[in-house]
Amino acid sequence: PRDADFFFVPVHGGCYISRFTRPTPRHNLYVKPRGGAPILGNAHYRAALDWVRSRHPWWNVSGGADHMFAFPHDEGSCVAPIELRPAILISSWGRTELGPRNSTTTMGEHNWYNRRTLPLMYASYRCFEPGKDIVMPVFTSLSQLATSPYVAEGMPRGG
């Protein structure tokens, strides 16, 4: 660990947010906490962070700046615990504005914007910080990626 540049924390809070895993686990959307599925996902990531902090000294050495967490689900890292702000968040959603005032999901149970619970979430600051966080497309075909203006020269396009 002393020689590591980054620490990837393998936690998947998306299982609390999305119903793509069938059969639907009991801990999924059918368990209705106050605030909905994003609160369950947020709590799952927070529990992982608490575990990392209590068992490994490396978070405290860098303040979390060299730790990476993935958020491969609707709304990306908007639902991340605010305590993950210094970490590198890998997300499918590069929403950059400061203090977003709405959730963009069409699924009501995925809506993270709630004035009571918003202070717990990264979205109270922003959902994606350019220069620190990473956008990783998910559920995307190669032909769809090829239409991006950000595809590097020389990369295969289409197909």
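These lines cover the structure that appears in this document, whether it is placed above or below.

What counts as what
Residues numbered from 1 in each chain as written. Predicted model: local features only at pLDDT ≥ 70, side-chain atom pairs only at ≥ 80, totals over all residues. Heavy atoms only, no water. Helix = DSSP H or I, 4+ residues; strand = E, 2+ residues; numbered from the N terminus. Buried < 20%, exposed > 50% of the residue type's maximum accessible area, 1.4 Å probe, protein only. Contact = heavy atoms within 4.5 Å. Areas by Shrake-Rupley, 256 points an atom, 1.4 Å probe, with all protein chains shown as cover. Core = buried A, V, L, I, M, F, W, Y, C linked by side-chain atoms within 4.5 Å. Pairing = 2+ DSSP bridges. Expected span 1.5 Å × (residues − 1).

## With respect to the overall build of the chain
Working step 1: What the chain contains, in helices and strands, is three helices and four strands.
Working step 2: Mapped from its N terminus to its C terminus, the chain presents α and β elements in the order β-α-α-β-β-β-α.
Working step 3: The buried share of the chain, taken over its 159 residues, is 43%.
Working step 4: In the chain, the share of contacts with a sequence separation of at least 24, taken over all contacts with a separation of at least 6, comes to 61%.
Working step 5: With an accessible surface of roughly 9200 Å², the chain has 58% of that area assigned to carbon and sulfur atoms.

## Observations regarding the nonpolar core
Working step 1: Ranked by internal contacts, the top residues of the largest apolar core, which has 24 residues, are Trp59, Phe69, Phe71, Leu84, Leu89 and Trp112.
Working step 2: Elements with a contribution of two residues or more to this core: α1 (37-55) and β2 (67-71).
Working step 3: When sequence neighbours within four positions are dropped, the list of residues in contact with Trp59 reads Leu49, Val52, Arg53, Gly64, His67, Phe69, Glu83, Leu84, Pro86 and Ala87.

## Considerations on the sheet that holds strand β3 (residues 88-91)
Working step 1: The four strands lie next to each other as β1-β2-β3-β4, forming an open sheet whose pairing is parallel. Of all strands in the sheet, those bounded by a partner on one side alone are β1 (7-8) and β4 (134-135).
Working step 2: As judged from the two bridges shared by β1 and β2, these two strands associate in the parallel manner. Its bridge partner lying in β2, Phe7 is registered against His67.

## Here's the deal with α1
Working step 1: Spanning 19 residues, α1 covers 27 Å between terminal C-alpha atoms, matching the ideal 27 Å at 1.5 Å per step.
Working step 2: Turning to α1, the residues buried within the fold contact α2 (58-62) and β2.

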